[in-house]
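Single-letter residue listing:
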Amino acid sequence: MRDLDALLAVHGETTPRYTSYPTAPHFDATAGAALVGDLMAACRDSAAVSVYLHIPYCDRLCWFCGCHTKQTKRYEPVRAYVDTLVREIEVFGEKAGARPTLTALHLGGGSPSLLKSDDMARIGYVIRSVFDVRMDAEIAVEIDPSDVAEDTLDGLEALGLTRASIGVQDFDADVQAAINRPQSFESTASVADALRHRMNCTLNIDALYGLPRQTSARLVRTIEQVIELQPERVALFGYAHVPWAKTHQRMIADSDLPGRYERLKQADIAARLLVEAGYETIGFDHFALPGDSLAVAARDGHLQRNFQGYTADTAPVLVGFGASAISKYPGGYIQNIVPTNNYRAAVENGETTACKGYALSADDRMRAYAIERLLCDFRLDFSALADRFGEPAWSLAELMKGQVADDDFALAAMDDTIVTVPPDARPFARIVASWMDAYRTPSETARYSQAV
Ligand code: SF4
């Protein structure tokens, strides 16, 4: 096993997850509104658009959570937020001047599963009036099982749900107490059954390692229970403890957190169990049954990364609606206003919701592509990169050659034109990707999650 203490001392304790390049902290606070016209043009030019809707409300606050969300015990603020969201989508439709073809819709948050069925219906209606929703479009919704009632199932069915993403984290009661998320296996299984029975949808389950009071033995039991549910996909994330950025994480005692060797062991044991149960490894934190579209995309070399992590969605444009949502198009990124009240006021006043953005340079585009391919394929062919981006790809190859030569931990290997991350170094793939990040400086490391 690698000397983790030495490795992290050299390469840094934290690393971006690279769900975008450059990463969101580098977006420019003066650029967002100016890029909206480019996003609209990209929507008109693109054969396929995917849409993300952010619902920043939960009826409880889990202490591990890193999402843009807030707790509400009343439904009125959620209803008012949906009014705003619907209006934002309508305004987009008025400006777009065409009905872009929608191939994927993702509702995330927060907890979109707390929406009442009539609000889900309103969202479905406005999406279908602004976008031409393809018959085979993927409609995915993040589900907190404790929200799900008969009315929720009615709403999800009306929306046309094709994939439910169920948050589990860990089924152990002591771990759940430490993260303020009581959720029994039985209630989760019952929601999974109901979703499949009513909508014939596929399932994704999110599990976490590195949680407070989590041990390898407890995680093994959780993963066995996850496997019992037979989701088509499993996302296995490391808990990111950033109490300086997410103040509710201060409820988690540092002394309850597993150490870095234990974290790595947990990730390894969980991955082994999933592979033994027939799941294919997708990137560095996803698993999918062989017939699932994510596994097919990975085998075919079409796997992508977006703000939700690994995806089989190949639409070149992603439009984000709602507070904090990020849009992505070939020329750059635009982020919506983050505080919910400010976002609502902007929509109500007919002002732009864009608060930040980033116009990609040619160099950014090349590095973004290179980082995405490395994290999806664990391999990057610089001659193919040069075919696509020209001569600058060879400078990046030289830089990578130097980094690989200087690295004492065998995180990557490089022949003349191809860099690869060997299987035993894949948990560290983000570190290898960071060698191609032109914006990374040691002083910004506190923004990101643990590298391992
Ligand atoms: S983990 Fe999910 S349910 Fe819990 S606070 Fe975060 S978004 Fe809400």
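Residues numbered from 1 in each chain as written. Predicted model: local features only at pLDDT ≥ 70, side-chain atom pairs only at ≥ 80, totals over all residues. Heavy atoms only, no water.

J.: Help me understand the overall build of the chain in this model?
T.: Looking only at helices and strands, the chain features 15 helices and 21 strands. Taking 22 Å as the expected radius of gyration for a compact globule of 452 residues, we find that the chain reaches 21 Å, a close match to that expectation. Over its C-alpha atoms, taken along the principal directions, the chain stretches across nearly 60 × 50 × 40 Å. For the chain, buried positions account for 56% of its 452 residues. For the chain, the proportion of contacts with a sequence separation of at least 24, taken over those separated by at least 6, is 73%. Total accessible area on the chain is roughly 18300 Å²; 51% of this is exposed by carbon and sulfur atoms. For the chain, the separation between the mean place of its 44 positive charges and that of its 61 negative charges on side chains is 3 Å. (Helix = DSSP H or I, 4+ residues; strand = E, 2+ residues; numbered from the N terminus. Rg over C-alpha atoms; globule rule 2.2 N^0.38 Å. Buried < 20%, exposed > 50% of the residue type's maximum accessible area, 1.4 Å probe, protein only. Contact = heavy atoms within 4.5 Å. Areas by Shrake-Rupley, 256 points an atom, 1.4 Å probe, with all protein chains shown as cover. Lys, Arg positive; Asp, Glu negative; His and termini not counted. Charge placed at Lys NZ, Arg CZ, Asp CG, Glu CD.)

J.: I tried to follow the packing of aromatic side chains on my own but got confused; where do I start?
T.: Enumeration according to the criterion identifies 12 aromatic pairs in this entry. Each ring, one from Tyr21 and one from Tyr439, has its centre 5.7 Å from the other, and the planes form 55 degrees; the classification is tilted. Within this pair, whereas Tyr21 is found in the loop between β1 (14-15) and α2 (32-45), its partner Tyr439 is found in the loop between α15 (429-434) and β21 (449-450), the two being separated by 418 residues in sequence. You can call Tyr439 partly exposed: its relative accessible area is 24%. (Phe/Tyr/Trp six-rings, centres within 6.5 Å; stacked < 30°, edge-to-face > 60°.)

J.: I'm lost on the site of the ligand in this one. Help?
T.: In the vicinity of the ligand, the residues found are Cys58, Arg60, Leu61, Cys62, Phe64, Cys65, Gly110, Ser111, Asp144 and Arg181. Tallied by class, the residues present in the shell around the ligand amount to 5 nonpolar, 2 polar and 3 charged. (Near = heavy atom within 4 Å. Nonpolar A, V, L, I, M, F, W, Y, C, P; charged D, E, K, R; others polar.)

J.: Sorry if this is basic, but what is going on with the packing of helix α3 (residues 76-96) against helix α4 (residues 117-130) here?
T.: Across the interface, α3 lies against α4 with an axial gap of 9 Å and an inter-helix angle of 5 degrees. Between α3 and α4, the crossing angle belongs to the class labelled roughly parallel. Facing Arg79, Val82, Asp83, Leu85, Val86, Ile89, Glu90, Phe92 and Gly93 of α3, the residues of α4 in contact are Asp118, Asp119, Arg122, Ile123, Val126, Ile127 and Val130. In the contact of α3 with α4, the residues fall into 9 nonpolar, 1 polar and 6 charged. (Axes fitted to C-alpha atoms, helices over the stretch in contact; angles between N-to-C directions. Parallel < 35°, antiparallel > 145°, perpendicular 65-115°, else oblique.)

J.: Hey, could you run me through the sheet that holds strand β20 (residues 418-420) in this one?
T.: Ordered by their spatial adjacency, 3 strands build an open sheet running β18-β20-β19, and the pairing between neighbours is antiparallel. If you trace the sheet from one side to the other, it starts and ends with β18 (379-381) and β19 (413-414), each paired once. Packed onto the sheet, helix α12 (residues 362-377) meets β18 and β20 and runs at close to 135 degrees relative to β18. Here helix α13 (residues 382-389) sits on the sheet and contacts β18, β19 and β20; the angle it forms with β18, its principal contact strand, is near 55 degrees. (Pairing = 2+ DSSP bridges.)

J.: How should I be thinking about the side chain of Lys246 in this particular structure?
T.: Within the secondary structure, Lys246 sits in the loop between β9 (233-238) and α9 (260-276). In this view, Lys246 contacts Cys65, Gly66, Cys67 and His68; residues no more than four positions away in its chain are not counted.

J.: Quick question: what am I supposed to make of the domain arrangement of the chain here?
T.: A common way to state how big an interface is: give the accessible area lost once the parts meet. Considered domain by domain, the chain is made up of domain 1 (1-13 + 361-438) and domain 2 (14-329). With 28 residues of domain 1 at the interface, the matching set in domain 2 holds 17 residues. Across the domain 1/domain 2 interface, buried area totals approximately 2100 Å², and carbon plus sulfur atoms make up 59% of it. On inspection of domain 1 and its partner domain 2, the count reaches 1 salt bridge. The partner of Asp5 in a salt bridge is Arg260, and the shortest N-O contact between them spans 2.5 Å. Counting across the domain 1 and domain 2 interface gives 8 residue pairs in polar contact (both at pLDDT 80 or more). Residue assignment for the side of domain 1 that touches domain 2 shows that the elements contributing at least two residues are α1 (4-11), α12 and α15. Counting residues per element, the side of domain 1 that touches domain 2 draws most heavily on α12, at 9 residues. (Domains from an automatic or database assignment. Buried area = accessible area lost by both parts, 1.4 Å probe. Salt bridge = Lys/Arg side-chain N within 4 Å of Asp/Glu carboxyl O. Polar contact = N/O pair within 3.5 Å; in protein donor to acceptor, adjacent residues only side chain to side chain.)

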